[in-house]
Amino acid sequence: MLSFLLRRLLHAGPTLLGVSLVAFMLIRLVPGDPVLLMLGERGGSPEAVAQLRHNLGLDQPLYMQYWHFIANAATGDFGNSVVSNRPVWEEFTDRFPATLELSLVALLWAVLLGVPIGVIAALKRRRWMDYVLMSVSLVGYSMPIFWWGLMLILLFSVSLGWTPVSGRISAAFDLEPWSGFYLLDTWVRGLGWAGFWAAVNHMILPALVLGTIPFAAIARMTRSSLLEVMREDYVRTAKAKGLSFFQIVFVHALRNALIPVVTVIGLMLGMLLTGAVLTETLFSWPGVGRWMVASVLARDYPVLQSGVLLLSVLIVAMNVLVDLLYTWLNPRLRGNV
Amino acid sequence: MKKSPWARLCENRGAVVSLVLLSVWVLLAILAPLLPLNPPAQIFDGEQLKLPMWNEGGSSRFPMGTDDLGRDLLSRLIYGAQISLGFGFLNVVASVLIGGTLGLTAGYFGGWWDRLVLRMVDILMALPSLLLAIVVVAVLGPSLWNALWAVTLVALPGFIRITRASVLAEREKEYVQASRAFGAGALRQMFKTILPNCMAPLIVQASLGFSDGILNMAALGFLGLGAQPPTPEWGAMLADSKAYMETASWLVYWPGLCILSVVLAFNLLGDGLRDAFDPKL
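All values derive from a computational prediction rather than experimental measurement. (Residues numbered from 1 in each chain as written. Chains lettered and ligands numbered in written order. Predicted model: local features only at pLDDT ≥ 70, side-chain atom pairs only at ≥ 80, totals over all residues. Heavy atoms only, no water.)

Once that is clear, we can look at the overall build of chain A. Broken down by element type, chain A carries 15 helices and zero strands. For chain A, contacts bridging at least 24 residues in sequence account for 72% of all contacts bridging at least 6. In the structure as shown, chain A presents an accessible area of about 16,300 Å², 66% of it carried by carbon and sulfur atoms. With 24 positive and 19 negative side-chain charges, chain A shows a separation of 18 Å between the mean positions of the two kinds. (Helix = DSSP H or I, 4+ residues; strand = E, 2+ residues; numbered from the N terminus. Contact = heavy atoms within 4.5 Å. Areas by Shrake-Rupley, 256 points an atom, 1.4 Å probe, with all protein chains shown as cover. Lys, Arg positive; Asp, Glu negative; His and termini not counted. Charge placed at Lys NZ, Arg CZ, Asp CG, Glu CD.)

Following this line, the structure appears as structure tokens:
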């Protein structure tokens, strides 16, 4: 197991180096002088331009710039935002809990609903129940979520007035973050039910939108995986032994059917953490996705360069974890590692 | 007798529905200039935010109403199909050509080239996909064509991996050995001998790639990084009408439904194709 982990980590190293090179080069491919572009809207004297160029290290040769970028990143220094002048790492850690909380809640409902629906569809295969459930998940899977979010806002916020449309909590609550998870912090800071409810209320629609595609993917995956497992020999053996249908499905088949589903869930989380761009933009959710889009629009190149790298580290780490989980869950693979 | 994949596809209700739906969209897109429609970019002064004709105050002159600038919504939706399907098609063609070639050569030659291609795939997959597209568009500048390159770049890893995996499965089979014995060169072996046997997963991937590409292009349009005004692209139309959501909800319903219907159709078709090629489930 340990050697497997080491091998995966060794493999991840060059990938992350490649990612850092791509992030580095992308920013430098921008036509025109990035310093002038960055100062564009803010203006600047020649001295200010020279100063910024020097601060960003852009007056050095490319290979030196790249070396500084990765050497500093390795020590946890990801540069400063041009817009806020704060360290990129601080800006990232400020926003990351918001994204993590939203992603976890989205994934939670996606799993809690997706797995049972997949199981029911598989057990009712080729019956109307299967068709209805699979149609629902196909629609969910095909959903342009930015439009789905607009429709939900139109219904729940505009027409019914049930939920707020933006932010994480009402302005009336002055919440000093503790963990950055508002569902938790409202309790820690003693805002009680009212505060907690406000946080939940702000969370419902974004989490519903963000979890839609994972829900659909999990339901489809669970169904096809369970159907495949039900044809395996050991299931036939279990049937021949005269076990009850319930025992066959829930004790023997489902456990194995869920192995690929678990890996999909793990990969989904990696995607959600970084891919909440649309949902966060739509609901003004102060997370990393919205931060990256804002940095693109503001041409905040240090943030883009380091932000892309940080998010990629997350994805790669998530993939390694999923691999480990997969081998741990699947005893047949343990011998090979 | 074994049925052909096409025959199996025609027995799949979902696939047939999707084929019909897609044919309608393709016909609408191609015939748009011949239909009696107002020009999609023409602004009718004094006709801003007209309701659809089935509402009170609507007129048959603008069957689905007009947007905030006074442009015909029906016409913009139909011309929007040209953009979504057209660029979705270009995205798939580019992905198949580039991703397919990379996957085919990587799987066939192996060695350092295979490792290089796989490393590129790893790097691309480690980058957050929509974010990568956004950064690429930010670098190239927001436009429909740049959005196409960005979305294609994001789609490549899937195509490379699928092609490579099926080439690896075929490469050592006897018919490939036989063609080598008959003196077939590398090019002939790759494209004439191996590739035709790798088509099934590639076709499925192409159908699913269509829906991913259309969704991603629309998302970029929605973020203002794809099609620029006055291009009638569905995602961009949604972004434009967001501000009028409460008063002119019809402007928000229809572009989204158009995107959903096309994406849904391609996903259904992809599912149907997979079952048709691989009928074990």
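Continuing now.
What follows concerns the interface of chain A and chain B. It is common to give the size of an interface as the accessible area lost on bringing the parts into contact. Listed by partner, the interface residues are 45 residues for chain A and 40 residues for chain B. Summed over both sides, the interface between chain A and chain B buries roughly 3,700 Å², with carbon and sulfur atoms accounting for 80% of that surface. Of all residues in chain A, the largest losses of buried area upon contact with chain B belong to F146, W147 and L150 of chain A, amounting jointly to 16% of the total for that side. R220 of chain A is the salt-bridge partner of D271 of chain B, the closest N and O atoms lying 3.0 Å from each other. (Buried area = accessible area lost by both parts, 1.4 Å probe. Salt bridge = Lys/Arg side-chain N within 4 Å of Asp/Glu carboxyl O.)

It is worth spelling out the nonpolar core at this point. If you look at the biggest cluster of nonpolar residues, it comprises 149 residues, and the most contacted ones within it are I134, L220 and W234 of chain B. Here this core takes 14 residues from helix 9 (residues 192–230) of chain A, the largest share from any one element. What I134 of chain B contacts, discounting residues up to four positions off in sequence, is V277, V293 and V296 of chain A together with L220, L223 and L225 of chain B. Formed by eight residues, the second largest nonpolar core is a distinct cluster that contains V167, V176, I194 and C198 of chain B. (Core = buried A, V, L, I, M, F, W, Y, C linked by side-chain atoms within 4.5 Å. Buried < 20%, exposed > 50% of the residue type's maximum accessible area, 1.4 Å probe, protein only.)

A few words now on the side chain of S241 of chain B. All names here are of chain B. Within the secondary structure, S241 is located in helix 10 (residues 234–241). Overall, the relative accessible area of 4% leaves S241 in the buried class. A distance of 2.8 Å separates the side chain of S241 from the backbone oxygen of M237, its partner in a polar contact. Not counting chain neighbours up to four residues away, the residues in contact with S241 comprise L251 and V252. (Polar contact = N/O pair within 3.5 Å; in protein donor to acceptor, adjacent residues only side chain to side chain.)

Another aspect to go through is the confidence of the model for chain B. Overall, the predicted model of chain B reaches an average pLDDT of 89, with 98% of residues at or above 70. Two numbers describe this predicted complex: its pTM, 0.90, and its ipTM, 0.90. (pLDDT = per-residue confidence, 0-100.)

Mapping R127 of chain A onto the fold places it in the loop between helix 5 (88–123) and helix 6 (128–141). With 27 residues separating them in the primary sequence, R127 of chain A and L154 of chain A have C-alpha atoms 34 Å apart.

Another aspect to go through is unusual backbone geometry. Of the consecutive residues P229 of chain B and P230 of chain B, the connecting peptide bond is found in the cis state with omega at 5 degrees. Within the element layout of this structure, P230 of chain B appears in the loop between helix 9 (199–222) and helix 10. Phi angles above zero are rare outside glycine, and N85 of chain A is one such case at about 65 degrees. Within the fold, N85 of chain A resides in the loop between helix 4 (62–74) and helix 5.

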